[in-house]
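What the coordinates show
One letter stands for each residue in the lines below.
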Amino acid sequence: MTLTTDRRRHDREILALAVPAFGALVAEPLFLMADSAIVGHLGTAQLAGVGVASAALTTATGVFVFLAYATTAAVARRIGAGDRRAAIQQGIDGIWLALALSAGVVALTLLLAPQVADVLGASPTAAPYAVTYLRISALGIPAILMVMAATGVLRGLQDTRTPLYVAVAGFAANLGLNAGLVYGAGLGVAGSAWGTVIAQTGMAAVYVFVVVRGARREQASLRPDAAGIRASARAGGPLVVRTLSLRAVLMIATAVAAGLGDDEIAAHQIAMTVFLFIAFALDAIAIAGQAIIGRYLGAGDVPGTRAATRRMIEWGIGSGVLLGLLVVVARPLYVPLFTPDPAVQHQLNTVLLLLALCQPVSGLVYVLDGVLMGAGDGPFLAWAMLGTLAVFAPAALAVPSSGTGLAGLWWAMNLFMLVRGGFLAWRARGGRWLVTGAVRS
C-alpha cells in the first residue's frame, strides 16, 4: 500500500466519524440555548433562574462524560479484536453503570436544589425559578447519563451518524415541547424543564432500542454484569479526575476575569463562547481518534495505530490553523453581534488574537487527548491534567497583581494549552500507551 493510498484511507475514516460527531456535539448545547431563548421572554428573573440551574446541571452531568469516552475505547477495542458480541456487552455494562450513578445524582439534586441555587449566587427573585427548574430537570439525569454511555457504544462500533440523527431529532422535539408547554400550556419555567426532560427521555429510549436490537442480533446478554460494571467504573475513574481538573481551569479563569471588572468579564465570556465552539470542531477529530485508535489496538496493529495518529495530528494542527485564521479574519462580522459596547469590543479584539494564536496547539491537544483516550490511557491523562492545572493556577491567579489585565489571563490560557500539549506529545512519542488486545490490561 502506497503512502498516498494509506493517507486517503485514514482521511476517509477520520471524516466519516468526525463530521457527524461534530454535528452531534453542536446539537447538544442547543438544548440549553433553546431553553434560554424561550424562557427569556418570560422575564429576567426566570431567565436568571434557568441560567443558574443550567450551570448546575451541566456541571453535575459533565463530570460523567467518561461514560462516553471510556465506553468508546473499550467497545472499539473489542471491535478491533473481531468480537462484536463482547463489544456490545461491554457497552451494555456502561449503560447499567450510567443508571446506577444517576440514582445518586438525582437524589442529591432533588435534596440540595435550594442550597445549590444559593451557592451559585441566584438572587432572591431568581432562586425559586432555579429550584423549580433543577428539581424537574433532575428527573432527566438518568436519560442524560444513559445517552452518554449509549453514544460511547455507537462511537466504539464506528457509528457517529446515529448519534447525530438522535441529537438533531432531540433538539427539534425539545424546541417544540418547550414552546408548547411554556406558552401553550402556560407552565412557564416548569414547562421548559418538563419539555427538556421529555426530549432527553425520548433520546435515551431511541438509544436503548438501537443497543438492544444490536445485542439481540449478536446474542449478547442484557442483564447487568457486576464485573463488567466495575471494569467500566475503573476505566472511568481517572477520566473523572481529568474532567474535574479541566473544569477547575475554566472556573479559575472565570473567577479571575470577574475580578478584573465588568468589561473584562463580558469580553472573557464572549471569548470563551468562541473558544468552546472551536473546541467542538476539534473535539470531533478527537472522537474519531478514540474510535479508530481503540479499533487498531484491539486488532494488535501498532504500525496502523502510529500511522493513524500521525494523520490525525496533521488534521488537528491544520484545522487549528484554519480556525485560528477564521477567528481573526471574521472578527468584524461576529464581534458586533455579541456586544455593541466599544470598551468590551476593544478588550475582546485583543483576546481573540491571543485565542487564535494558540489554535494550532489546541488542535494537537484535542487530537492527542482523543488518541490516548482511545488507547485507554486514562491514568496518564489524569496526571497530565493535574500537572497542567498546577502550572496554570498560579499563572492565572497572579494576573490581577501583575497589571496585565485580561490579556494576561489569556496568555495564561495559552500557557495551559502549551503545557497540556507538551505532556500529551511526550506521551505519544513513547510506546507505553500502545497496549494491544481486546482488553487493556
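So, a few notes on the structure that sits alongside this text.

Procedures and definitions
Counting restarts for each chain, with residues numbered from 1 along the sequence as it is written. For this predicted model, a pLDDT threshold of at least 70 governs which residues receive local features, and a threshold of 80 or more governs which side-chain atom pairs are given and counted, while totals over whole chains, interfaces and linings are taken from all residues. In computing side-chain values, all of the structure's heavy atoms are included and hydrogens and water are not. Helix numbers and strand numbers start at the N terminus; a helix is a DSSP run of H or I with at least 4 residues, a strand a run of E with at least 2. C-alpha atoms define the radius of gyration, and 2.2 Å times the number of residues to the power 0.38 defines the globule rule. Here the term buried applies to any residue with accessible area under 20% of the maximum for its type, exposed to any over 50%, and partly exposed to those in between, with areas from a 1.4 Å probe on protein chains only. Only the protein chains shown count as cover for residues, and all accessible areas are computed by the Shrake-Rupley method using a 1.4 Å probe. Should a side-chain nitrogen of Lys or Arg be within 4 Å of a carboxyl oxygen of Asp or Glu, the pair is scored as a salt bridge. Contact between two residues is taken to exist if any of their heavy atoms lie within 4.5 Å; hydrogens are not considered. Patch membership needs two things, relative accessible area over 30% and no salt bridge, and members are linked within 9 Å if like-charged or within 5 Å if nonpolar (Val, Leu, Ile, Met, Phe, Trp, Tyr). Joining through side-chain atoms within 4.5 Å is the link that ties buried Ala, Val, Leu, Ile, Met, Phe, Trp, Tyr and Cys residues into a set, and such a set is a nonpolar core. Identification of polar contacts relies on pairs of N or O atoms within 3.5 Å, with a donor-acceptor requirement for protein atoms, meaning one able to donate a hydrogen and the other able to accept it, and with residues adjacent in sequence counted only if both atoms are side-chain atoms. Fitting axes to the seven residues ending at a residue and to the seven starting there, one defines the bend at that residue as the angle between these axes. Axis lines are fitted through C-alpha atoms, for helices just across the contact stretch, and the angle between N-to-C directions can take any value from 0 to 180 degrees. Put simply, angles under 35 degrees are roughly parallel, angles over 145 are roughly antiparallel, angles from 65 to 115 are roughly perpendicular, and the rest are oblique. Left-handed describes a crossing in which the near helix is turned anticlockwise from the far one by less than a right angle; the clockwise case is right-handed. Residues are grouped as follows: Ala, Val, Leu, Ile, Met, Phe, Trp, Tyr, Cys and Pro are nonpolar; Asp, Glu, Lys and Arg are charged; every other residue, Gly included, is polar.

As for the overall build of the protein chain
Check the secondary structure of the protein chain and you find 18 helices and 0 strands. On C-alpha atoms alone, the protein chain measures out to a radius of gyration of 22 Å, which is about the 22 Å that the 2.2 N^0.38 rule sets for 441 residues. Over its C-alpha atoms, taken along the principal directions, the protein chain stretches across nearly 60 × 50 × 35 Å. Expressed as a percentage of the 441 residues in the protein chain, the buried residues total 53%. As displayed, the protein chain has an accessible area near 18,500 Å², and 68% of this comes from carbon and sulfur atoms.

Considerations on the pattern of salt bridges
Two side chains bearing opposite charge may form a pair once their charged atoms approach each other closely. Applying the stated criterion across every chain, the model contains 9 salt bridges. With a shortest N-O distance of 3.2 Å, glutamate 314 and arginine 7 are connected by a salt bridge. Note that glutamate 314 is positioned in helix α12 (residues 302–329) and arginine 7 in helix α1 (residues 3–27), a separation of 307 residues in sequence. Overall, glutamate 314 belongs to the partly exposed group, its relative accessible area being 38%.

A closer look at the environment of methionine 272
Mapped onto the secondary structure, methionine 272 falls in helix α11 (residues 262–298). Leaving out residues up to four positions away in the same chain, methionine 272 has contacts with Leu250, Trp410 and Met413.

So, the environment of isoleucine 95
Relative to the helices and strands, isoleucine 95 is located in helix α5 (residues 84–119). When its relative accessible area of 11% is taken as the criterion, isoleucine 95 is described as buried. Residues isoleucine 95 and valine 153, 58 residues apart in the sequence, show an inter-C-alpha distance of 8.8 Å. Apart from the residues lying within four places of it in its own chain, the contact partners of isoleucine 95 are Met146, Ala149, Ala150 and Val211.

Focus: a nonpolar patch on the surface
Judged by side-chain polarity, Leu110, Leu139, Trp194 and Ile198 come together as a nonpolar surface patch covering roughly 340 Å² of accessible area. Position of isoleucine 198 relative to the elements: it lies in helix α9 (residues 188–218).

Regarding the nonpolar core
Leu67, Phe392 and Trp410 are the most contacted members of the largest nonpolar core, which totals 132 residues. Ranked by residue count, the leading element in this core is α11, at 20 residues. Each residue touching leucine 67, except ones within four places of it in the same chain, is listed here: Gly94, Leu97, Ala98, Leu101, Leu145, Met148 and Ala149.

What to know about the side chain of threonine 151
Mapped onto the elements, threonine 151 comes out in helix α7 (residues 141–156). According to the relative accessible area criterion, threonine 151 is buried, its value standing at 5%. Only 2.6 Å separates the side chain of threonine 151 from the backbone oxygen of valine 147, close enough to count as a polar contact.

Observations concerning the environment of threonine 72
Relative to the assigned elements, threonine 72 resides in helix α4 (residues 66–80). Spatially, the C-alpha atom of threonine 72 lies 14 Å from that of aspartate 283, the residues being 211 residues apart in sequence. Contact partners of threonine 72, with chain neighbours within four places excluded, come to Gly152, Arg155, Gly156, Gln290 and Ala291.

Quick notes on α5
Along α5, the largest kink reaches about 70° and is centred on leucine 112; proline proline 114 follows within four residues of it. Just downstream of α5, glycine 121 is the residue with a positive phi angle, here 85°.

With respect to the packing of helix α3 (residues 44–62) against helix α6 (residues 127–137)
With their axes 7 Å apart at the nearest point, α3 and α6 run at an angle of 40° to one another. Classed by the angle they form, the pair α3 and α6 counts as oblique. Along this stretch, α3 crosses α6, giving a crossing that reads as right-handed. Between α3 and α6, the residues in contact are Ala45, Gln46, Gly49, Val50, Val52, Ala53, Ser54, Ala56 and Leu57 and Tyr129, Ala130, Tyr133, Leu134 and Ser137, respectively. Residue composition of the contact of α3 with α6, grouped by class: 10 nonpolar, 4 polar and no charged.

Keep in mind that these numbers describe shape and distance, not what the molecule does.
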